[in-house]
Every structure is written in structure tokens, then in C-alpha cells.
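Letter by letter, the chains look like this.
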Amino acid sequence: MPSEPPIACSLSATELPTRLAQIVQLGRDSLLDARIHGTRARLRFAPGARVRERVAAIVAAESACCAFLTMQVSEARDEVVLTIEAPADAELVLAELANAFRGDPQTAS
């Protein structure tokens, strides 16, 4: 029986600020909207120079350190959409990650 990944981030204390800075900058550059409904977040980004690639790079990096989150990048109309799903016990982590994209990295973990 496969075990669920632990709800924990594997970034070190020195890696976390760098990651948060990347997330905050992407949010400042192109975030249109971030909505959270329970264990699911939907973040919409304006398309532009390399936005999808930047979102995909953060998804790849976050998938490595926060394996308990499921993330998907797609395009809809004139926007890049990031959907993040979290297990039932990780709603706070999901909210903190969405807040980091909104420019509030102090609460993200």
C-alpha cells in the first residue's frame, strides 16, 4: 500500500527565502487572482514573457520539496492557471503558499 507523503517542506532555512522571493516576484509580475476553496487553490496569471515557464519552474521546484501538494499548470483564454490541491490536513500550507504569490511571504512555510 503506497504511503502518503508527509505534510512537510524539505527546503532548508537558507533555501526557503530564495524560493519565497521567486514566488513573490512572479505574483507581483503577473498574478491576476488567487482563490482558495477548501483544499484547492486556483491562481490566475496574466500571460506574458515567460510567465508559463516561470510558473512551471516553481511548480517543479515545489513538487520536489512539498510532495504532498498536487499542482497543475494550464492555459485558459488569455491566462496561465495554476491549480494546487492539498490533502485535508494541509489547508493552512495551501493558504500560505497562495498568500506568498499574493505578496505575503511572511506566513508561507
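In what follows, the structure referred to is the one given above.
The following paragraphs examine the structure supplied in this document. What you see is a predicted model, and the numbers here were worked out from it, not measured in a lab.

It is worth spelling out the overall build of the chain at this point. Tallying secondary structure elements over the chain gives 3 helices and 4 strands in all. Secondary structure elements of the chain, listed N to C terminal, follow the sequence α-β-β-α-β-β-α. Per-residue burial for the chain yields a buried fraction of 37% across its 109 residues. Summarising the internal contacts of the chain: among those between residues at least 6 apart in sequence, 61% fall at separations of at least 24.

This paragraph deals with the packing of helix H1 (residues 15-30) against helix H2 (residues 51-65). Across the interface, H1 lies against H2 with an axial gap of 11 Å and an inter-helix angle of 150°. Considering the angle they form, H1 stands roughly antiparallel to H2. Here H1 runs over H2; the crossing is left-handed. When H1 is examined against H2, the residues Arg 19, Gln 22, Ile 23, Gln 25, Leu 26, Asp 29 and Ser 30 are found in contact with a partner set consisting of Val 51, Arg 54, Val 55, Ile 58, Ala 61, Glu 62 and Cys 65. Residues belonging to the contact of H1 with H2 are distributed by class as follows: 7 nonpolar, 3 polar and 4 charged.

All right, on to the side chain of Thr 83 then. Here Thr 83 shows up in strand E4 (residues 79-85). When its relative accessible area of 13% is taken as the criterion, Thr 83 is described as buried. Contacts of Thr 83, omitting those with residues within four sequence positions, involve Arg 40, Ala 41, Thr 70, Met 71 and Gln 72.

As paired strands, strand E3 (residues 70-76) and E4 are joined by 7 bridges and run antiparallel to one another. Within the sheet, the bridge partner assigned to Ser 74 lies in E4 and is Val 81. In textbook terms, the turn of a hairpin is the stretch between consecutive antiparallel strands, and for E3 and E4 this stretch comprises 2 residues, one of which, Arg 77, has a positive phi near 50°.

Parameters and conventions
- Residues numbered from 1 in each chain as written.
- Predicted model: local features only at pLDDT ≥ 70, side-chain atom pairs only at ≥ 80, totals over all residues.
- Heavy atoms only, no water.
- Helix = DSSP H or I, 4+ residues; strand = E, 2+ residues; numbered from the N terminus.
- Buried < 20%, exposed > 50% of the residue type's maximum accessible area, 1.4 Å probe, protein only.
- Contact = heavy atoms within 4.5 Å.
- Axes fitted to C-alpha atoms, helices over the stretch in contact; angles between N-to-C directions.
- Parallel < 35°, antiparallel > 145°, perpendicular 65-115°, else oblique.
- Left-handed = near helix turned anticlockwise from the far one by under 90°.
- Nonpolar A, V, L, I, M, F, W, Y, C, P; charged D, E, K, R; others polar.
- Pairing = 2+ DSSP bridges.

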